[in-house]
Amino acid sequence: MDPPAAKRSRGCPAGPEERDAGAGAVRGRGRPEALLDLSAKRVAESWAFEQVEERFSRVPEPVQKRIVFWSFPRSEREICMYSSLGYQPPEGEHDARVPFTRGLHLLQSGAVDRVLQVGFHLSGNIRELGGPGEPERLYHVSISFDRCKITSVSCGCDNRDLFYCAHVVALSLYRIRHARQVELRLPISETLSQMNRDQLQKFVQYLISAHHTEVLPTAQRLADEILLLGSEINLVHGAPDPTAGAGIEDANCWHLDEEQIQEQVKQLLANGGYYGASQQLRSMFCKVREMLRMRDSNGARMLILMTEQFLQDPRLALWRQQGAGMTDKCRQLWDELGALWVCVVLSPHCKPEERVSWLQLLGKWDQLDVCPLEEGNYSFDGPSLQPTMALSPGREEEEDEEEEVVAAGSRHTVFGRALQAGSLHWSDAHLQRILASDSYGPSLTGTVGGEKPTFDPQGRPLWLGEPFPTACARVDTLRAHGYPRQALRLAGAIVNTLRLQRRHQLESYKQQKKELLQKGNTCITNTEGWVGHPLDPIGCLCRALLEACRLEEETLALYPDSGPEKRKAAYQHVPVPGSPGESYLALALEVALLGLGQQRALPEGLYAQDKVVRSEEQLLALLEEVELDERLVQVLRKQAGLLLEGGPFSGFGEVLFRESVPMHTCARYLFTALLPHDPDLAYRLALRAMRGPQVAACGTGLHPAEHPLARPALQAGAGRLQNGHPGQCASRHHAAGHRAGTGPPGPQALMNIMQNWYSLFTPVEAATIVAVTGTTHATLSRLQLDAPRREELWACARTLALQCAMKDPQNCALPALTLCEKNHAAFEAAYQIVLDAAAGGLGHAHLFTVARYMEHRGLPLRAYKLATLALAQLSIAFNQDSHPAVNDVLWACSLSHSLGRHELSAIVPLIIRSIHCAPMLSDILRRWTLSAPGLGPLGARRAAKPLGADRAPLCQLLDAAVAAYIATSHSRLTHISPRHYGDFIEFLGQARETFLLAPDGHLQFAQFLENLKQTYKGKKKLMLLVRERFG
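Residues numbered from 1 in each chain as written. Predicted model: local features only at pLDDT ≥ 70, side-chain atom pairs only at ≥ 80, totals over all residues. Heavy atoms only, no water.

1. Some thoughts on the overall build of the protein chain
Phase 1: Along the protein chain, the regular secondary structure elements total 44 helices and seven strands.
Phase 2: Within the span of the protein chain, comprising 1031 residues, buried residues form 49% of the whole.
Phase 3: When contacts within the protein chain are restricted to residue pairs at least 6 apart in sequence, those whose partners lie at least 24 apart make up 72%.
Phase 4: When the accessible surface of the protein chain is split by element, carbon and sulfur atoms take 52% of a total near 49700 Å². (Helix = DSSP H or I, 4+ residues; strand = E, 2+ residues; numbered from the N terminus. Buried < 20%, exposed > 50% of the residue type's maximum accessible area, 1.4 Å probe, protein only. Contact = heavy atoms within 4.5 Å. Areas by Shrake-Rupley, 256 points an atom, 1.4 Å probe, with all protein chains shown as cover.)

Have a look at this one:
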């Protein structure tokens, strides 16, 4: 496949063709470029200089200079890619942590000096201002390059990281933007060849004299070897020249610090879920995708390095020995890793030998005992996309038996999909034609080889013969490798196929509808869903279609200055070639609803089921970014109608399988989107989503599952029925009557719902939706109840809330307390439920939430009681200074301090037992020493003066903080890297401030430092920094 021009990465600067200053702006306006430069450009891109010298016996010096000149990278996009993060950084970190931005500032401030290009080697000095009171720092930077790629870098800052440092960025950008101002010399070997013997001797002696302390031993050793006739150096023709570029056999790829990648992944995995480790690992995955999109071979290379470190994670063996599953965060990272490997292996332009080497690696990893298995019971050889798919009732048991046989003899790891992708190819003639043209249509014969149809009745291309997730993986692969137009064409063919398949499904269902409705249950038509599938087919298809419609500013900076908030995406309708009246935006909406509304069985395993929920939320988040215009509302109406008529193929159809995935998440979106435009349709969808798992025509109740759309649906329905809108169909009264156990809605029906909530709703739904909706001012006013009847309804709601709190205290305790506020007995009962639940394992987060509520209600002693119960369940490790409970702990400490010395003394042991994070302990200690305890609601118990850190009860906390600083220091020094030295010195500074709170703090800190210097004397640079800062 011929690679088209890659779409410019978002956030990256323009390339040389887009910048007038690129490579020095060789030609003036309107003047054609010189033939010498045109030729030199092409040679510089693809030929090693050694190849040029071998091909031509003599290359004139002007030609050599132009080739050398054009061999440096001409685009800033790659410099940006190798020196910036793969995601939007947090607020305040735009300049501080992004080397590209810092390098750009250095360039613009005139910090680049003494730039010299000798052959394929660039050098220069970067002057950077020091901090307050610090001198200016000078860094010497060296860059080697070949065939428009930077092949190695060196900088005096010794900053080792995944990305090029800011000084390398500044020098590179200087060379790209001001190429004409850079002094250019041919490779040093060319200069030496022009010297006679005397000149050469003088040159060598001056060189040694200028750098005698560094090069004298090496110079003497080389001289001895040259004077020895049989030495190895005399057997080799010529001599090495670091400025002469790469050899013919040398790999041509951008510089990538493999050791640093391995070290960083290892550290991030060791950190688990702390310090944003998961986010940083995802940013590295994004960087791999960015490299693939630029068709940079380092993408696969970086992924191999990351995978090796993932497999060496010691937790894998531990989890396997204990028989415990890995954490969800870790599992999600493995899922992304496996999906990335599918994109790499399925590359449409890789060399056969590259694919073979990848498959060998994947095969080796796949056999490792610690290699994680794929979650869920998704098949590897699912049904292919077909123009027809008939119903086959009665085969449920047979299919289950087949699945059990397959499952028993198979072991599918996270790399299984990538290994399977190794057998796929791009050589199919029909596929090639789909990818090649927007106007591909049927020939006279109507087919292209084979017996399967290749076009739909409208003459639009189809893509049949392989499973839907596999076909969508091709779309994702094309996008990942920088083929956006081809990805769109294939996505269009897949959508055409889905439409045709759905049309035949509806026809098949209509023929068997009467039989299926009479049976009362049916086998599932889709044993595995598309939403939550390991290959994420619906997500891949939607993103490809939406990407084509996204509006972007022409001049997009690396990081926009519009503030830290995420900018909402803007989309426009882009016509689909060959399909008048259709747009890619409408197709994206149609595909998303098709996937979300698919009736399918829940996968096996809690993680796989959670992944279904997460995938639904991600899809809906994409849809909510799209502003619905009249055109999209029509699509919404049509798709909603098809979902209602879809029978066993749709989750909203009349025939519902017992174990199918609930439709409530999708229904909530449809209900909200349709309500302003078509209330009748919105209400029909809501009722379908809230029914039980049976044939709707025979059903008698709601399915006791989560349905967050219940509240808006009930409110809308109640309002419409109460107001007596004409034209309401009797079936709505019938459905409402079934739910209430009576006729039309009224006060008694509402009380019946509350009294029988356990058969209709989950506890959290009953407490937060039914009880609240049934007692709102709007509902009570609408029902026109007198005072006794209102109190009866309130009592029923309070009883419901207390029952729910007992069933599910974690989610229902706070709603129950809120609902019972005006009734003392009910409120006391709800409070006691919380205390009982705390003994039974109610989590610290929920206890803190209820505790804050109590203080808000003016009940500080009850808040204090709940806070101590929460602290007793909490454990914050030494490296968890960003733990989610930090603010709750500080609030609890402030509360105890405000109550008085007695409460403060009681909470100190809990703090010491629960918190091992040194900065946090130190912060609490300082807060408690600022003022006297007892300044809160019980001010009469106020102490005379602030407490001292060296006296009870705070002396215990001081000892714990000092011990935590010592333990944390040793832990951090075990695996510290040079780039974290500065952070560690600051950490020691914080430790010193805490040590000095003790009477003998100076002595303790000095002994602590001395111990560090002796124990870690091998870390010379770090210990030097310690001495400079602390003596």
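2. Some details on helix 27 (residues 679-689)
Three- or four-residue spacings in an α-helix give side chains the same orientation, since the helix completes a turn every 3.6 residues.
Phase 1: Burial within helix 27 is extensive, with eight of its 11 residues counted as buried.
Phase 2: Those residues of helix 27 not exposed but buried are Leu681, Ala682, Tyr683, Leu685, Ala686, Leu687, Arg688 and Ala689.

3. Structural notes on helix 5 (residues 99-108)
Phase 1: Of all 10 residues making up helix 5, seven are buried, and the element is well covered by its neighbours.
Phase 2: Within the sequence span of helix 5, burial applies to Pro99, Phe100, Thr101, Gly103, Leu104, Leu106 and Leu107.
Phase 3: Those residues of helix 5 that are buried are in contact with helix 4 (76-81), strand 1 (112-118), strand 2 (121-128) and helix 6 (166-177).
Phase 4: Positive backbone phi, approximately 75°, marks glycine 110, located one or two places after helix 5.

4. Examining the sheet that holds strand 4 (residues 149-155)
Phase 1: An order of 4-3-2-1-5 is seen for the five strands of this open sheet, with the pairing classed as mixed. Edge positions in the sheet fall to strand 4 and strand 5 (183-185), since each has one partner strand and no second. With strand direction ignored, the average angle separating the axes of adjacent strands in the sheet is 20°.
Phase 2: Here eight bridges tie strand 2 to strand 3 (residues 137-146), and the two strands are oriented antiparallel to one another. If you follow asparagine 125 over to strand 3, its bridge partner there is histidine 140.
Phase 3: Along the sheet, helix 6 makes contact with strand 1, strand 2, strand 3 and strand 4, crossing strand 2 at roughly 120°. (Pairing = 2+ DSSP bridges. Axes fitted to C-alpha atoms, helices over the stretch in contact; angles between N-to-C directions.)

5. Digging into the pairing of strand 1
Phase 1: Pairing of strand 1 with strand 2, which is carried by five bridges, proceeds in the antiparallel orientation. Pairing of leucine 116 across the sheet is with serine 123, part of strand 2.
Phase 2: Counting the residues in the hairpin turn of strand 1 and strand 2 gives two residues, including glycine 119, whose phi is positive at 60°.
Phase 3: For strand 1 and strand 5, the ladder comprises three bridges, and the chain directions are parallel. In the strand pairing of strand 5, leucine 116 is matched with glutamate 183.

6. Let's talk about the nonpolar core
Phase 1: Ranked by internal contacts, the top residues of the largest apolar core, which has 164 residues, are Met306, Phe310, Trp334, Trp341, Phe415, Leu541 and Phe652.
Phase 2: If one sorts the elements of this core by residue count, helix 23 (residues 584-596) sits on top with 11 residues.
Phase 3: When near neighbours in sequence (up to four residues on either side) are disregarded, phenylalanine 310 contacts Val265, Leu269, Leu281, Phe285, Leu316, Leu333, Trp334 and Leu337.
Phase 4: Ranked by size, the runner-up nonpolar core spans 103 residues in total, among them Ala816, Val886, Ala991 and Leu1009. (Core = buried A, V, L, I, M, F, W, Y, C linked by side-chain atoms within 4.5 Å.)

7. Quick word on a nonpolar patch on the surface
Phase 1: Among the surface-exposed residues, Ile188, Phe203, Val204 and Leu207 lie close enough to one another that they form a single nonpolar patch of about 300 Å² accessible area.
Phase 2: Ranked by residue count, the leading element in the nonpolar patch is helix 8 (residues 197-210), at three residues.
Phase 3: Tracing the backbone shows valine 204 in helix 8.
Phase 4: Judged by its relative accessible area of 41%, valine 204 falls in the partly exposed class. (Patch = residues over 30% accessible without salt bridge, like charges linked within 9 Å, V, L, I, M, F, W, Y side chains within 5 Å. Salt bridge = Lys/Arg side-chain N within 4 Å of Asp/Glu carboxyl O.)

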